[in-house]
Amino acid sequence: MSKKKLIGILTAGGDSPGLNAAIRGVGKAAITFHGMDIIGFKDGFRGIVENRQMRLDKKTLANILTVGGTILGTSRDKLHRMEVDGETRDVTDIIARNYEKLGLECLVCLGGGGTQKNALRLVKKGLNIITLPKTIDNDVAFTDATFGFATALDIATEAIDRLHSTAHSHHRIIVAEIMGHRAGWLTLGAGLAGGADVILIPEIPYDIKKIAAAIRRRSHHRTNFSIVAVAEGAMSQQDAPAFRAAEELKSKARTEKEQLAARQHSAALDEKHAGNTMRLARDLEELTGLESRVTILGYVQRGGTPSAADRLLATRLGTACADLIQQKKFGVMVASKGDGVEPVEIAKVAGKRKPVPLDHPWVQSARRIGTCLGD
Ligand code: F6P
């Protein structure tokens, strides 16, 4: 009798709704349709380094479709510098050894941009890897969508809906901070769907005077309240060149020393930028004479039950992943393309981001309906 294939699966990076639906999709298709066995590693890549795992069978995969977070746990570890036993080290070889010892046919990694980079290191070591794109930020390259985004979009939109009535009643500006350090998909999508008056995203640096003028114009028309949807990573036109330079420094850094310096520089910049939303609200209050308030949506956007759209996407990508394992098509990310999927080389995806294009239809629609984008 031939031995069953054994698959490993892990979830890495920030959690997002739909992770359990994806684990279930891969697991059920692998066990039921392809007759494979599957184990899950706990807390991201750390689980395979420390050999912490759990058997995923029909029972453990039951009743998780609607559950938020990840039953496996997650972490933001990087393979080339993971803290293990008080020491920072490259754990790629440890993972390769444990993969061999366990006799895995394939390791499935569910994650965003950082996970694709980690996965590429393992592909280069000769391991059979398949990734699935997840993040509420929707910024993984070469896929139409990432699971988690649709749910977060619903949550952020509902928040903007609710903020409208209180802003209107008190004649205030309400600045709603939405997640997205480097990409504005969530803010733009929720801002459009929720009818925000101003939408600020990292891809379009803003001029505060133009935002204040737009808000004042509304007041002239006797609409003396405004909703400003601002991405965590939105920045002013004055600050933008420093961020661009820091990105360039990171992309050009070759040696370890250069990479460390670039990371430190970028972290210092991020630290300086923290609190930007509060400063924005205060400045708008000063410039418009309207009272302003801030609402930071934070982790509410990442928690809880996945939406129907995310359950569908995660299940679609998960089951396609099991098929690809059966076909021995490794080294790929299962991208979503229209109603179908497309395997894309991890080497092509890793290190790339998908920012909002400046001519994207959502940007054009926002401009057509008179939304201020701060530029
Ligand atoms: O999941 C992506 C993301 O939500 C970003 O938008 C956000 O900036 C970041 O994760 C924060 O997550 P954490 O605090 O878990 O690192």
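Residues numbered from 1 in each chain as written. Predicted model: local features only at pLDDT ≥ 70, side-chain atom pairs only at ≥ 80, totals over all residues. Heavy atoms only, no water.

## Re helix α9 (residues 256-273)
Next up, step 1: The end-to-end C-alpha separation of α9 is 26 Å, in line with the 26 Å expected for 18 residues at 1.5 Å each.
Next up, step 2: Considered for burial, the residues of α9 that qualify are A262, S266, L269 and H273. Buried residues of α9, viewed axially, fall in a sector of 55°; they line one side. Projecting away from the buried face of α9 at angles above 90 degrees are the exposed residues E256, K257, E271 and K272. (Helix = DSSP H or I, 4+ residues; strand = E, 2+ residues; numbered from the N terminus. Expected span 1.5 Å × (residues − 1). Buried < 20%, exposed > 50% of the residue type's maximum accessible area, 1.4 Å probe, protein only. Arc of directions from axis to C-beta.)

## Here's the deal with a positive patch on the surface
Next up, step 1: Among the surface-exposed residues, R76, K78, R81, K117, R121, K124 and R263 lie close enough to one another that they form a single positively charged patch.
Next up, step 2: Ranked by the residues each element gives to the positive patch, the list is headed by helix α4 (residues 113-124), at three residues.
Next up, step 3: Within the fold, R81 resides in the loop between β3 (53-56) and β4 (82-84). (Patch = residues over 30% accessible without salt bridge, like charges linked within 9 Å, V, L, I, M, F, W, Y side chains within 5 Å. Areas by Shrake-Rupley, 256 points an atom, 1.4 Å probe, with all protein chains shown as cover. Salt bridge = Lys/Arg side-chain N within 4 Å of Asp/Glu carboxyl O. Lys, Arg positive; Asp, Glu negative; His and termini not counted. Charge placed at Lys NZ, Arg CZ, Asp CG, Glu CD.)

## Section: the site of the ligand
Next up, step 1: Near the ligand you find R76, I136, D137, M179, G180, H181, E232, Y299 and R302, and these make up its full shell.
Next up, step 2: Separating an oxygen atom of the ligand from a side-chain N or O atom of D137 is a distance of 2.8 Å.
Next up, step 3: Here an oxygen atom of the ligand and a side-chain polar atom of Y299 are 2.4 Å apart.
Next up, step 4: Classifying every residue of the shell around the ligand by side-chain character gives three nonpolar, two polar and four charged.
Next up, step 5: The residue makeup of the shell around the ligand includes at least three contributed by each of domain 1 (6-147 + 303-349) and domain 2 (153-301). (Near = heavy atom within 4 Å. Polar contact = N/O pair within 3.5 Å; in protein donor to acceptor, adjacent residues only side chain to side chain. Nonpolar A, V, L, I, M, F, W, Y, C, P; charged D, E, K, R; others polar. Domains from an automatic or database assignment.)

## Examining the packing of aromatic side chains
Next up, step 1: Summed over the entire model, instances satisfying the criterion amount to two aromatic pairs.
Next up, step 2: A ring pair is formed by F149 and W362, whose centres lie 6.5 Å apart and whose planes are at 20°; its orientation type is stacked. Within this pair, whereas F149 is found in helix α5 (residues 149-170), its partner W362 is found in helix α13 (residues 361-368), the two being separated by 213 residues in sequence.
Next up, step 3: Its relative accessible area of 28% is what places W362 among the partly exposed residues.
Next up, step 4: Between the aromatic rings of W185 and W362, the centroid separation amounts to 5.8 Å while the plane-to-plane angle is 80°, which identifies the pairing as edge-to-face. Of this pair, W185 sits in helix α6 (residues 185-194) while W362 sits in helix α13, placing them 177 residues apart in sequence.
Next up, step 5: Given a relative accessible area of 6%, W185 falls into the buried group.
Next up, step 6: Put simply, the rings of F149, W185 and W362 pair up and form one aromatic cluster.
Next up, step 7: Here the basic side chain of R218 rests over the ring of F225, its NZ or CZ set 5.1 Å away from the ring centre. (Phe/Tyr/Trp six-rings, centres within 6.5 Å; stacked < 30°, edge-to-face > 60°. Lys NZ or Arg CZ within 6 Å of the ring centre and 35° of its normal.)

## Focus: the domain arrangement of the protein chain
Next up, step 1: Annotation of the protein chain at the domain level lists domain 1 (6-147 + 303-349) and domain 2 (153-301).
Next up, step 2: Inter-centroid distance (C-alpha atoms) of domain 1 to domain 2 is 32 Å.
Next up, step 3: Listed by partner, the interface residues are seven residues for domain 1 and 11 residues for domain 2.
Next up, step 4: Interface of domain 1 and domain 2: buried area, both sides summed, is about 730 Å²; carbon and sulfur atoms make up 50% of it.
Next up, step 5: Among the residues domain 1 hides against domain 2, the three largest losses belong to I136, D137 and G303. Together they make up 56% of the total.
Next up, step 6: Counting the contacts that link domain 1 with domain 2 gives zero salt bridges.
Next up, step 7: Across the domain 1-domain 2 interface, the total number found is two residue pairs in polar contact (both at pLDDT 80 or more).
Next up, step 8: Per-class residue counts for the side of domain 1 that touches domain 2 are one nonpolar, three polar and three charged. (Contact = heavy atoms within 4.5 Å. Buried area = accessible area lost by both parts, 1.4 Å probe.)

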